[in-house]
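Spelled out, the chains give:
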Amino acid sequence: MPTPPRERPEPSPPSLREDRRTAESFGTDAQRYDHARPGYPEALVARILADLPGTDVLDVGCGTGIAARQFQAAGCTVLGVEPDARMADFARVHDVPVEVATFEAWQPGDRRFDAVVAAQSWHWVDPVAGTAKAAAVLRPGGRLAIFGHAYEPPAEVAEPFAAAYRRVAPDSPFSGQPARRPLDLYLAGYATIADQLRETAQFAEPEQWRFDWRQTYTRDQWLELLPTTGGLTRLRRDQLSEIFDAVGAAIDSLGGSFTMEYTTLAATAVRASTS
């Protein structure tokens, strides 16, 4: 399927109006988003938390709190920063404290954190300003971890989706994307983020992590997740219906379900000592 903007592997230009409108569309159905979107490997959470100076975590672009609740379950105190008030309200109802702001505009005061995490949200953040702010709010020895999923449905599902999307939304900036993208594209995106961390000279040598896993989706489960992706959040109901018909028929032809191969990638670095 065309890569949804929230999983886009490379940082996006900060001034694109279309990108901002897409970013602000995810809260349209926060409950569906929270229910349908997958969480993150527990091994990733554990690796982020290993050897930290403490357990205070800042979640940048926390959305409905999917990642935040995993860090809470691991024993952390988590604060979210989220520009969409609808997503923030949902997270608060589920016991994640959230302050509504973009990360660039957010005012931390004298608060400091042991980890700053960004789960599939960093491409909405200006990479220069965001990296500088993350360094400023991290305690020495604290970790910045930027991570997200790379995934593509099998071609038998991705190709009908791409064809239907081009029919119903030919003018969309996403309609010209290929049906599937190679993992190397995502890896290159996280390598770019690692380079940006390295260039600041405020972090130790960045690392890139990879976690491979899989999840099986039924027809109904995939059609529940699909409208939470960035290319679809702003389509009309009739456009969505045509896409759902095409994708649903494709999954039916596979026996009613398919297995998604996920790769969760991270670019991460420890805040250098200020002494």
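Preceding this section is the structure that the text describes.
Residues numbered from 1 in each chain as written. Predicted model: local features only at pLDDT ≥ 70, side-chain atom pairs only at ≥ 80, totals over all residues. Heavy atoms only, no water.

A. Representation of the nonpolar core in the model. Counting residues in each nonpolar core, the largest one holds 29 residues, and the members touching the most others are Y40, L44, I48, V57, F71, V117 and F147. Secondary-structure elements contributing two or more residues to this core are α2 (30–36), α3 (42–49), α4 (66–73), α5 (85–93), β4 (113–119), β5 (138–151) and β6 (207–218). V116, I146, L197 and A267 belong to the second largest nonpolar core, which has 27 residues in total. (Core = buried A, V, L, I, M, F, W, Y, C linked by side-chain atoms within 4.5 Å. Buried < 20%, exposed > 50% of the residue type's maximum accessible area, 1.4 Å probe, protein only. Helix = DSSP H or I, 4+ residues; strand = E, 2+ residues; numbered from the N terminus.)

B. Structural context of the pattern of salt bridges. This structure, assessed with the given rule, holds 15 salt bridges. A salt bridge links D34 to R69, with the shortest nitrogen-to-oxygen separation between them at 2.9 Å. Of this pair, D34 sits in helix α2 while R69 sits in helix α4; the two residues are 35 residues apart in sequence, bridging distant segments of the chain. According to the relative accessible area criterion, D34 is buried, its value standing at 14%. One salt bridge connects R47 with E207, and the closest N-O pair in it is separated by 4.0 Å. Taken together, the residues span a long stretch of sequence, with R47 in helix α3 and E207 in strand β6 at a distance of 160 residues. On the accessibility criterion, E207 (34% relative accessible area) is partly exposed. Look at the salt bridges and you will find they share partners, linking D56, D114 and R139 into a network. (Salt bridge = Lys/Arg side-chain N within 4 Å of Asp/Glu carboxyl O.)

C. Quick peek at the packing of helix α7 (residues 155–168) against helix α10 (residues 237–253). It is the contact of α7 with α10, at a shortest axis distance of 9 Å, that shows an interaxial angle of 160 degrees. As summarised for this structure, α7 and α10 are arranged roughly antiparallel, according to the angle between their axes. Crossing handedness for the pair α7 and α10: right-handed. Here E156, V157, P160, F161, A164, Y165, R167 and V168 of α7 come into contact with α10, specifically with Q239, E242, I243, A246, V247, A250 and I251. (Axes fitted to C-alpha atoms, helices over the stretch in contact; angles between N-to-C directions. Parallel < 35°, antiparallel > 145°, perpendicular 65-115°, else oblique. Left-handed = near helix turned anticlockwise from the far one by under 90°. Contact = heavy atoms within 4.5 Å.)

D. Broad picture of the packing of aromatic side chains. Taken as a whole and assessed by the stated rule, the structure comprises 11 aromatic pairs. When the centroid spacing of 6.1 Å and the interplanar angle of 20 degrees are considered together, the rings of F103 and W106 count as stacked. As far as the burial class goes, F103 and W106 line up, both buried. When the ring of Y151 is compared with that of W222, the centres are 6.4 Å apart and the planes differ by 90 degrees; the resulting orientation is edge-to-face. In this pair, Y151 sits in strand β5 while W222 sits in helix α9 (residues 219–225), placing the two residues 71 residues apart along the sequence. A residue is classified by how much of its surface remains accessible, and Y151, at 6% relative accessible area, is buried. Among the aromatic side chains, those forming a connected cluster through ring pairs are Y151, W213, Y217, W222, F258 and Y262. Here the basic side chain of K133 rests over the ring of F103, its NZ or CZ set 5.9 Å away from the ring centre. (Phe/Tyr/Trp six-rings, centres within 6.5 Å; stacked < 30°, edge-to-face > 60°. Lys NZ or Arg CZ within 6 Å of the ring centre and 35° of its normal.)

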